[in-house]
Structures are given as C-alpha cells and as structure tokens.
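One-letter residues, chain by chain:
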Amino acid sequence: MNETPAGRIVLLTTSHRVAPGLLSWPAWQALHGADEVLCADAAHPQLPYLREAGVDVKQAAPTAEELVTACEGGRTVLVVATAEGDRPLTDGLARLAGSGRFAMPDLELLPGSYDLPGARLLDLVQVMDRIRAECPWSSRQTHESLAKYGIEEAYELVEAIEDGDRTELREELGDVLLQVVFHARIAEEDEEAPFSVDDVAGTIVDKLVHRHPHVFGDDTAATPEEVKAHWLRTKAVEKQRDSVTEGIPLGQPGLALAAKLASRARTAALDVPLPTGEGIGYELLAMAVHAEAAGVDPEAALRAAARAYRDAVRAAETARGTSSPSGV
C-alpha cells in the first residue's frame, strides 16, 4: 500500500534587530516555494514586506496536530516565527513524533536573518527609551544628577579589572555602557542642541578612523610607539590647543592628575622643574612625576598598595580575634 507523503514543515525565524525585509536567499526561496505560509502574529514586522514581494501569508496559529495535517499529501507549510522560534509549536511537534500516532513531516528550522555583532545594543537603546518615558526616577534625571554615577561605575570597573573577576567585569562594563546610553537619551531632549546615541557612536567612529591612518589610510606603524605618535599628531591638529595642559580634567584623583600633567609635558619635550614648597603635596607630586617617567601608573600603584594594607588590617583583626566596630 502506498503511503501518503508526510510533507514538510519549515519554521522560518527572523531577527527583530535586523531591518524587516532583509532575508537570506534560502529564506526567500522557501517562502516562494511553500504551498502555504502562516504567521500567528498579525503585527509581525516582516509581513508587509513579504506581501509586497508576492507571498500570500495567512494569519493563523495552528496547533501541532493541525500543522501536521496541513502537510498531508506532500505539501510544504512554512511558519513565520520570531528569532527565538515558536517553542509551544515545536514542543507539540516533538510530542506528536514521540506518540507514534502520526506520520511526521520533515521539520526544518530555517534562519531567515541573523543578528550582526553588536545587535543587542539596539535592545539596550529600546529599553532605555521605555525606562526614560515610564520610570518615575529615570524620567527626572539630568546629566548633572547622573554625573556621580558615572564616576562610581568607572571606579567599580577598575576594581573588577584589578580583581580579575570576569563575571564582575562583564557586569561593570554593562553599567558603564548604561551611563553612556542614559546620557545620550537625555541629550535627545535638549531643545537647542539635541544629539542621539547614534551621533555619539558616529563621533567616536569618525575619531577612531581619523586617528588610525595606519589602519584605515596609507600610513604605516609597526610599533606601539609609532601608533602613539600618530595619535598625538592627529589629536594636536584636531584640538588646536594653546597649551599641552588643556583638556586635562582637574577634578580627577590627585595622583592621576599629576601623572597626566607630567605625561603631557614629557611628550612635548618640555623641561619643567618641579615646583618647590613644603608639605606632603609637593612630595606626592614629585613621586607621581617620577613614577610616570618610569612607566608606572602612580594611581594604580597606590591602589595596589592600599589593597595590600587592607589585607594586612584584616589579618591583624583576625589575629586579635575581633573586628572593628561597624561605625569606624
């Protein structure tokens, strides 16, 4: 006895992070070659483009059994799903196959579009838009009110790096990224000079390309020192500053500030005598300048020493058998 062909089910997944209509060639072939195309979501972003391309898409949410029946006679039924697929449908098909009661059609999972690297950043922008619009706290924040969080998150990132904690590093990078997206979202609302996260990204892309002529242009650089020289020359042309000290934020930690000033002076080949005076401040300045000249980050060096001191304090507490009062 001849058995009726069981047919074929194609589950087409698409990414919401890719512009609708941008599908792979195998996806378009499957869409045009199917006997029936179904989609449960009437608002699926791909539908207008599929119909414009002449694909007859029916709005339907068949059960697994109904879908198997629709494939009888060797028919091919294609289901347009989300990027994650249709889990209830695939689970139902698996149960039917396990029951042994049905001649199961072939099942193909066909990715119609893929996320590009960085695609999840689009999700972050969308989430930030909604939080800004609907959250009572986030909707009231300004650049000024968020400034302290940017500093805190940067320090927490540095701590994660120094601890070597990969899980913590991943989380802290996300927190720093949130600050960027949050500030860009607030900037969109400025009436006089608005800009978006795309403008922020475009600015840094242009800067990176311009400052890396050895990568994107005809210049060459074989060593890190030559790369730095390229960077400094290009930056000097861009900024047109009157002093090498311009652009150095004075609000940064003191050792880092001293090292940055010393680095600018040394790079500019300026022979600058250290200011003389009494007090620990001048001694710390001299130590920071000498550290920078020796290739040592004085801020990182002091943090490392402070962490060792913290460990020594804890060891002393343990040896004594008591801990300091919580209020100390």
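Quick notes on the rules
- Residues numbered from 1 in each chain as written.
- Predicted model: local features only at pLDDT ≥ 70, side-chain atom pairs only at ≥ 80, totals over all residues.
- Heavy atoms only, no water.
- Helix = DSSP H or I, 4+ residues; strand = E, 2+ residues; numbered from the N terminus.
- Rg over C-alpha atoms; globule rule 2.2 N^0.38 Å.
- Buried < 20%, exposed > 50% of the residue type's maximum accessible area, 1.4 Å probe, protein only.
- Contact = heavy atoms within 4.5 Å.
- Areas by Shrake-Rupley, 256 points an atom, 1.4 Å probe, with all protein chains shown as cover.
- Lys, Arg positive; Asp, Glu negative; His and termini not counted.
- Salt bridge = Lys/Arg side-chain N within 4 Å of Asp/Glu carboxyl O.
- Disulfide = S-S within 2.5 Å.
- Patch = residues over 30% accessible without salt bridge, like charges linked within 9 Å, V, L, I, M, F, W, Y side chains within 5 Å.
- Pairing = 2+ DSSP bridges.
- Axes fitted to C-alpha atoms, helices over the stretch in contact; angles between N-to-C directions.
- Phe/Tyr/Trp six-rings, centres within 6.5 Å; stacked < 30°, edge-to-face > 60°.
- Parallel < 35°, antiparallel > 145°, perpendicular 65-115°, else oblique.
- Nonpolar A, V, L, I, M, F, W, Y, C, P; charged D, E, K, R; others polar.
- Core = buried A, V, L, I, M, F, W, Y, C linked by side-chain atoms within 4.5 Å.

To continue, consider the overall build of the chain. A tally of regular secondary structure across the chain gives 13 helices and five strands. Relative to the compact-globule value of 20 Å for 328 residues, the chain shows a C-alpha radius of gyration of 31 Å, a clear excess of over 25%. By principal-axis analysis of the C-alpha atoms, the chain measures approximately 105 × 65 × 45 Å. By the burial criterion, 27% of the 328 residues in the chain qualify as buried. Contacts in the chain between residues far apart in sequence, at least 24 positions, make up 63% of those at least 6 positions apart. When the accessible surface of the chain is split by element, carbon and sulfur atoms take 57% of a total near 21700 Å².

Within the secondary structure layout, Arg264 lies in helix H11 (residues 254–267). One buried charged side chain, Arg264, makes no salt bridge at all; its nearest oppositely charged neighbour is Glu246, positioned 8.0 Å away. With sequence-adjacent residues up to four places away left out, Arg264 is seen in contact with Lys235, Arg241, Val244, Thr245, Glu246, Gly247 and Ile248.

Time to look at the pattern of salt bridges. Counted under the stated rule, the structure contains 15 salt bridges. One salt bridge in this structure joins Glu162 and Arg307, with 3.7 Å as the shortest N-O distance. In this pair, Glu162 sits in helix H6 (residues 143–163) while Arg307 sits in helix H13 (residues 298–320), placing the two residues 145 residues apart along the sequence. Salt bridges here are not isolated pairs; linked through shared partners, they connect Arg17, Asp115, Arg120 and Asp123.

Another point: the state of the cysteines. A full pass over the atoms with the stated rule returns zero disulfides. Looking at the unpaired Cys39, the closest cysteine sulfur is the one in Cys71, lying at 16 Å. Take Cys39: its relative accessible area is 2%, and that puts it in the buried class. Residue class for Cys71 comes out buried when judged on its relative accessible area of 0%.

What follows deals with a nonpolar patch on the surface. On the surface, Ile204, Val205, Leu208, Val209, Val215 and Phe216 cluster together into a nonpolar patch covering about 510 Å² of accessible area. With respect to the element layout, Leu208 can be found in helix H8 (residues 197–210).

This part is about the environment of Pro249. By secondary structure assignment, the location of Pro249 is in the loop between helix H10 (224–239) and H11. The partly exposed category is assigned to Pro249, whose relative accessible area is 49%. Pro249 sits eleven residues away from Lys260 along the chain, and the two C-alpha atoms are 9.5 Å apart.

This brings us to the sheet that holds strand E1 (residues 8–13). What the five strands build is an open sheet, ordered E3-E2-E4-E1-E5; its pairing is parallel. Single-partner strands in this sheet number two, and they are strand E3 (57–59) and strand E5 (106–111). Averaged over all neighbouring strand pairs, the angle between strand axes comes to 25°, with direction disregarded. The pairing of strand E2 (residues 36–39) with strand E4 (residues 76–80) spans three bridges and is classified as parallel. For Glu36, the partnering residue across the bridge sits in E4 and is Val77.

Turning to the environment of Thr142, a few remarks are in order. For Thr142, the location among the structural elements is in the loop between helix H5 (120–134) and H6. Residues Thr142 and Phe182, spaced 40 residues apart in sequence, show a C-alpha to C-alpha distance of 9.3 Å.

Another aspect to go through is the packing of aromatic side chains. Remark: the centre distance and the inter-plane angle together describe each pair of aromatic rings, the angle taken between the planes. Taken as a whole and assessed by the stated rule, the structure comprises two aromatic pairs. Relative to Tyr149, the ring of Trp137 has its centre 6.1 Å away and its plane inclined at 75°; by these criteria the two rings are edge-to-face. Within this pair, whereas Trp137 is found in the loop between H5 and H6, its partner Tyr149 is found in helix H6, the two being separated by twelve residues in sequence. Taken together, a centroid distance of 6.5 Å and an interplanar angle of 70° make the contact between Trp137 and Phe182 edge-to-face.

Moving on, we get to the pairing of E1. When you tally the buried positions in E1, you get five out of six residues, the bulk of the element. Both E1 and E5 contribute to a ladder of six bridges, which runs parallel. Bridging from a neighbouring strand, Arg8 pairs with Asp106 of E5.

Before going further, it helps to examine the packing of H11 against H13. Interaxial distance between H11 and H13 falls to 8 Å at its minimum, and their mutual angle equals 150°. Our classification of the angle between H11 and H13 gives roughly antiparallel. Residues Leu255, Ala256 and Ala259 of H11 lie in contact with H13, whose contacting residues are Pro298, Glu299 and Leu302. The class makeup of the residues in the contact of H11 with H13 is five nonpolar, no polar and one charged.

Let's shift gears to the nonpolar core. Leu31, Val37, Leu50, Val55, Val57, Leu78 and Val80 are the most contacted members of the largest nonpolar core, which has 17 residues in total. When contributions to this core are tallied by element, the ones reaching two or more residues are E1, helix H1 (25–33), E2, helix H2 (47–52) and E4. At four residues, the largest contribution of residues to this core is made by H1. Leaving out residues up to four positions away in the same chain, Val80 has contacts with Leu12, Leu31, Val37, Leu38, Cys39, His44 and Leu50.

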